[in-house]
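Residue-level structure breakdown
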Amino acid sequence: MTASARAVAPDDGAFMRRALALAERGWGQTAPNPMVGAVVVRDDVVVGEGWHARYGGAHAEVDALNAAGDLANGATLYVTLEPCNHYGQTPPCSEAIIAAGIRRVVAATADPHEVARGGAAHLRAHGIDVVLGVEDDAARELNAPFFHALGSDRAFVQLKVALSLDGAISDHTRRRGWLTASEARREVHRQRAGSDAVAVGIGTARTDDPVLTVRDFEPPPRVAPARVVFDTSARLPLTSRLVQTAREQSTIVVCWAPDPSHAAALEHAGVTLVHAATLADALVALRVAGIRSMLVEGGAALATSFLQEALVDRLIIFRAPIILGAGSLNAFAGLPSATLGDAKRWRLMQAKRFGDDEMTVYAPPL
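Residues numbered from 1 in each chain as written. Predicted model: local features only at pLDDT ≥ 70, side-chain atom pairs only at ≥ 80, totals over all residues. Heavy atoms only, no water.

1. Notes on the overall build of the protein chain
In terms of helices and strands, the protein chain carries 13 helices and 16 strands. Each principal axis of the C-alpha atoms in the protein chain carries an extent, and together these give about 65 × 45 × 35 Å. Across the 366 residues of the protein chain, 46% fall into the buried class. Of the charged side chains in the protein chain, 36 are positive and 40 negative; the average position of the first set lies 3 Å away from that of the second. (Helix = DSSP H or I, 4+ residues; strand = E, 2+ residues; numbered from the N terminus. Buried < 20%, exposed > 50% of the residue type's maximum accessible area, 1.4 Å probe, protein only. Lys, Arg positive; Asp, Glu negative; His and termini not counted. Charge placed at Lys NZ, Arg CZ, Asp CG, Glu CD.)

2. Side note on the nonpolar core
Across soluble globular proteins, you tend to see nonpolar side chains buried next to one another. Core analysis: the biggest nonpolar cluster contains 30 residues, and V228, F230, V254, L286, I291, M294 and F306 have the highest contact counts within it. Of all the secondary structure elements, the ones that give two or more residues to this core are strand 6 (156–163), strand 8 (197–201), strand 9 (226–230), strand 10 (251–255), helix 12 (279–288), strand 12 (293–298), helix 13 (300–308) and strand 13 (314–319). Residues within four places of M294 in sequence aside, it is in contact with F156, V157, Q158, A197, A199, V228, F230, L283, L286 and F306. Membership of the second largest hydrophobic core comes to 23 residues, among which are V40, L123, V130 and F147. (Core = buried A, V, L, I, M, F, W, Y, C linked by side-chain atoms within 4.5 Å. Contact = heavy atoms within 4.5 Å.)

3. Some details on empty space enclosed by the protein
Summed over the entire model, instances satisfying the criterion amount to 1 cavity of 30 Å³ or more. Reported here for the largest cavity is a volume of approximately 30 Å³. Class assignment of the residues belonging to the lining of the largest cavity gives a composition of 5 nonpolar, 3 polar and no charged. (1 Å grid on protein atoms, 1.4 Å probe; cavity = no way out; pocket = protein on both sides within 12 Å on 5 of 7 lines; lining within 4 Å. Points joined across faces, edges and corners; volume = space filled by probe spheres on them. Nonpolar A, V, L, I, M, F, W, Y, C, P; charged D, E, K, R; others polar.)

4. Focus on the packing of helix 3 (residues 60–68) against helix 4 (residues 93–100)
Two numbers describe a pair of packed helices, the interaxial angle and the distance between the axes. Axis separation between helix 3 and helix 4 bottoms out at 9 Å; the angle between their running directions is 20 degrees. The pairing of helix 3 with helix 4 is recorded here as roughly parallel in orientation. As for the relative orientation of helix 3 and helix 4, their crossing is left-handed in sense. Within the contact between the two elements, helix 3 uses E61, V62 and L65 and helix 4 uses C93, A96, I97 and A100. By residue class, the composition of the contact of helix 3 with helix 4 is 6 nonpolar, no polar and 1 charged. (Axes fitted to C-alpha atoms, helices over the stretch in contact; angles between N-to-C directions. Parallel < 35°, antiparallel > 145°, perpendicular 65-115°, else oblique. Left-handed = near helix turned anticlockwise from the far one by under 90°.)

5. As for the sheet that holds strand 4 (residues 104–107)
With mixed pairing, 5 strands are arranged side by side in an open sheet as 2-1-3-4-5. This sheet does not close on itself; its edge strands, each paired only once, are strand 2 (45–51) and strand 5 (129–132). Each neighbouring strand pair of the sheet contributes to a mean axis angle of 15 degrees, computed without reference to strand direction. Taken together, the 4 bridges between strand 1 (residues 37–42) and strand 3 (residues 76–79) define a ladder with antiparallel strand orientation. When the bridges of strand 3 are listed, A38 appears paired with V79. This element, helix 2 (residues 12–23), spans strand 1, strand 2, strand 3 and strand 4 of the sheet and lies at about 140 degrees to strand 1. (Pairing = 2+ DSSP bridges.)

6. A few points about the sheet that holds strand 15 (residues 347–354)
Strand pairs in the sheet, formed through backbone hydrogen bonds, run parallel or antiparallel to each other. In space, the 9 strands of this open sheet follow the order 11-10-9-8-12-6-13-16-15, with mixed pairing throughout. Of all strands in the sheet, those bounded by a partner on one side alone are strand 11 (272–275) and strand 15. Within this sheet the neighbouring strands show an average axis-to-axis angle of 20 degrees, counted without direction. Note that strand 8 and strand 9 share 5 bridges and pair parallel. When the sheet's bridge partners are listed, G201 is paired in strand 9 with F230.

7. Considerations on helix 3
All of the buried residues in helix 3 are A60, E61, A64, L65 and A68. Buried residues along helix 3 cover an arc of 125 degrees about the axis, so they all sit on one side. Next to the buried residues of helix 3 lie strand 1, strand 2, strand 3 and helix 4. (Arc of directions from axis to C-beta.)

8. With respect to the packing of aromatic side chains
Centre distance and the angle of the planes are the two values used to describe a pair of aromatic rings. Overall, the coordinates contain 4 aromatic pairs when judged by the stated rule. For the ring pair F15 and Y78, a centre distance of 5.2 Å and an interplane angle of 40 degrees mean the geometry is tilted. In this pair, F15 sits in helix 2 while Y78 sits in strand 3, placing the two residues 63 residues apart along the sequence. Of the residues examined, F15 reaches a relative accessible area of 13% and is grouped as buried. What makes Y78 buried here is its relative accessible area of 4%. (Phe/Tyr/Trp six-rings, centres within 6.5 Å; stacked < 30°, edge-to-face > 60°.)

9. A short note on the environment of R186
Within the fold, R186 resides in helix 8 (residues 182–193). Separated by 30 residues in the primary sequence, R186 and D216 have C-alpha atoms spaced 5.7 Å apart.

10. Some remarks on the pattern of salt bridges
Taken as a whole, this structure holds 12 salt bridges when the rule is applied. Taking the shortest distance from any N to any O, the salt bridge between E135 and R17 comes out at 2.8 Å. In this pair, E135 is assigned in the loop between strand 5 and helix 6 (136–142) and R17 in helix 2, connecting sequence segments 118 residues apart. When salt bridges that share partners are traced, they join D12, R104 and D129 into one network. (Salt bridge = Lys/Arg side-chain N within 4 Å of Asp/Glu carboxyl O.)

11. Some words on the pairing of strand 8
Burial analysis of strand 8 places 5 of its 5 residues in the buried class, which makes it a mostly covered element. Of the two faces of strand 8, the one holding A197, A199 and G201 and the one holding V198 and V200 are both buried throughout. Across 4 bridges, strand 8 lies against strand 12 in parallel orientation. Bridging across to strand 12, V198 finds its partner in L295.

The analysis is restricted to geometry; functional conclusions fall outside its scope.
Below, the structure written as structure tokens:
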């Protein structure tokens, strides 16, 4: 057993779960920084709470310490990420903790950022007891795109699929329509708000003519997510709502062999063209363009391609309590068949209900 493990108190997990809940209040507002929450506890009573509300604003630790005031002296600080130890948009949180007289810090997970990390060691050097690893998995999952970005050169991909009970994404008519109800659709908009980009394939873009903006979510994201269309030949119609609003919100077409005249017209309308021969190359190019996380919403062909090439970091399934039956379009029919013995099990990360609809989030097999 490690020294940190021995130092864990019975209530550490409960206070850290409160800090994680506070961290989520920064959803859509903190990128490229992570969401962070903090709780100050003295004599088993919460005397201050805070969270990183917006990029460039006060960090969670400082927000909580300010709320606690003089009661922070001698208290324990719970924080979902190791306190930073550098001057960035704000001064080091480690120095604020020392100045406040905190005697013990419990952090959910270490900060892997090569510039910001080191807060735990600095606090220990000043006589403060530091515990790392309480609710570590939950903290890392909350900021999965942030941690992914520090170890990968491509965008983090969340693939969202809405299904019937029998695995269909549309009925036999292939007409547009909602499988899920309004509560689940609001959750999708929340997920859009937490992403740098929202992506569809050219088939969906031409058939549905979506606008891919964030609605039904307050507050709106600090920076509206870019709209991305995977379109090998750059055929996105100039009359589409995506092109018509390209000067209002970043719109990217990922292509490889476009028609020169149509490509020029798209660029003239404000669309950015990203040239990539493969999906893997596209994700690297999008990362270079500043997109660290992307929510892929469809359609079936694009979802199949991402799954086949093992480029899905989280699979989000919304399942509606309906059966569409014969002739409906199965979401995964395009994937190669697998035997029961060979099929890899995806790892369940979250399950939640939205009215009668159910959302499950999976991580890829190890």
